[in-house]
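Per-entry structural report
Residues per chain are reported as follows:
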2 protein chains.
Amino acid sequence: MNKMSDLLERLRDRGWRLTSQRRVVAEVLDGDHVHLTADEVHARAAERLPEISRATVYNTLGELVALGEVLEVATDGRAKRYDPNAHRPHQHLVCFACGTIRDVHPTGDPLASLPSAERFGFTITTAEVTYRGLCADCARSAA
Amino acid sequence: MNKMSDLLERLRDRGWRLTSQRRVVAEVLDGDHVHLTADEVHARAAERLPEISRATVYNTLGELVALGEVLEVATDGRAKRYDPNAHRPHQHLVCFACGTIRDVHPTGDPLASLPSAERFGFTITTAEVTYRGLCADCARSAA
DNA sequence: TTCTTGACTTAGACTGTGTCTATCTTAGGA
DNA sequence: TCCTAAGATAGACACAGTCTAAGTCAAGAA
């Protein structure tokens, strides 16, 4: 049960032209708790396909996001990160010190916590939660 | 009861040197539901003090954030925004279409929704929630 | 009040992240 | 096998933010 072959299959069904560049980008994004920046994706993709360009990585990531196969995550003010875990709803937990990101699953529906008096007439569809703290490794080094 | 004079007073007590540049930046940030980018702060500050430089605006905003008087908000992957409402805990509601940001106050403690089994050994101290949807104006234009 | 000094401000160079354009290449159907 | 539109490429460009070296000034000292 390889998730990436599933993905590539789905994309081909939607009329995606399957190039070696797109295949490599999709493979780089495989796994759990993967939150790479575009440059990190490019670096790893280039290990397998040295001539791949930055523009292609950006284009492919943008297409995967538009297709709903990958999530864009902006946990700091710096580079966006790309999260392949788009089919299971989840939130993120970020370490203040080292920036590590974990996918987490809070209880309850975060949308329910906003009373209608606090909705200002908006039609609200999503709630993103970013939990922040010190990870065990960084807490140990700081002690 | 002017909030900005309170702020300037507090800062002077902490040894801040009170320059016209810092005063103007603090005044620009006064108000409710204020979420300006650094460039917007610079533009408004320059209306009152034409020679103020970008570097000074960035420095001053950074100092205000470090002092806990202003919050840095990154709701999109683009420019950070600065929120002077740092003393009342709140979350943000963002319009998909026009990008408008409102301060909102959900019920309950967002930290409580994350079970310890989902904390991966982190010492968690904050939870930021971004609600997203269509504001009333944009919903009307889209119809 | 004037002097002094280190904190502050400035212009502009520089970096990182992301987008765009013009040209070249290629996947996949005919 | 050939054709062609979709895709890939290099590099210029744009935007957000940081850094540096030199000049300026707030506020305490005399």
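Naming follows an unreviewed UniProt entry, where chain A appears as Putative Fur family transcriptional regulator of Kitasatospora cheerisanensis KCTC 2395. Within the UniProt record for chain A, the comment given under Sequence similarities (unreviewed entry) is "Belongs to the Fur family."

Right, let's talk about the sheet that holds strand S2 (residues 71–73) of chain A for a bit. Pairing between sheet strands relies on hydrogen bonds along the backbone, with the strands arranged either parallel or antiparallel. Sheet architecture is open: 3 strands sit in the order S1-S3-S2 (chain A), paired in antiparallel fashion. Edge positions in the sheet fall to strand S1 (36–37) and S2 of chain A, since each has one partner strand and no second.

This next bit is on the environment of B:Leu61. All names here are of chain B. Relative to the helices and strands, Leu 61 is located in helix H4 (residues 54–66). Looking at Leu 61, the number of C-beta atoms within 10 Å reads 21, which means it is buried. In sequence terms Leu 61 and Leu 29 are 32 residues apart; their C-alpha atoms lie 9.8 Å from each other. Ignoring anything within four residues of it in the chain, the contact list for Leu 61 reads Val 25, Ala 38, Val 41, Val 70 and Tyr 82.

Right, let's talk about the sheet that holds strand S1 (residues 36–37) of chain B for a bit. Residues and elements named next belong to chain B. Taken in spatial order, the 3 strands of this open sheet run S1-S3-S2, and their pairing is antiparallel. Of all strands in the sheet, those with a lone pairing partner are S1 and strand S2 (71–73), marking the two edges. In the sheet, S1 pairs with strand S3 (residues 81–83) via 2 bridges, with the strands oriented antiparallel. Across the sheet, the residue bridging to Leu 36 is Tyr 82, located in S3.

With that settled, consider the UniProt feature "binding site: Zn(2+)" (unreviewed entry) in chain A. In this numbering, the UniProt entry assigns the feature "binding site: Zn(2+)" (unreviewed entry) to A:Cys95, A:Cys98, A:Cys135 and A:Cys138. Spatial clustering of the annotated residues is evident: they stretch over 44 residues in sequence, but the largest pairwise C-alpha distance comes to 8.2 Å. If you trace the backbone, A:Cys95 turns up in strand S4 (residues 91–95). Look past the residues within four positions of A:Cys95 in its chain and what remains in contact with it is A:Thr100, A:Gly133, A:Leu134, A:Cys135, A:Cys138 and B:Phe122.

Calculation notes
Here the residue numbers are simple positions, counted from 1 along each chain's written sequence. Chain labels run from A onward and ligand labels from 1 onward, assigned in the order the entries are written. Residue-level local features of this predicted model are given only where pLDDT is at least 70; pairs of side-chain atoms are given and counted only at 80 or more, and the full residue set underlies all totals for whole chains, interfaces and linings. UniProt positions are given in the numbering used here, feature names are shortened, and annotations may be inferred rather than shown by experiment. DSSP bridges decide pairing: two strands pair if at least two such bridges lie between them. The numbering of helices and of strands both runs from the N terminus, where a helix is a DSSP run of H or I of at least 4 residues and a strand a run of E of at least 2. Exposure classification rests on a simple neighbour count of other C-beta atoms within 10 Å of a residue's own: a residue reaching 20 or more is buried, one at 12 or fewer is exposed, and one in between is partly exposed. C-beta atoms are placed from the backbone. By the convention adopted here, residues are in contact when the distance between their C-beta atoms, placed from the backbone, does not exceed 7 Å.

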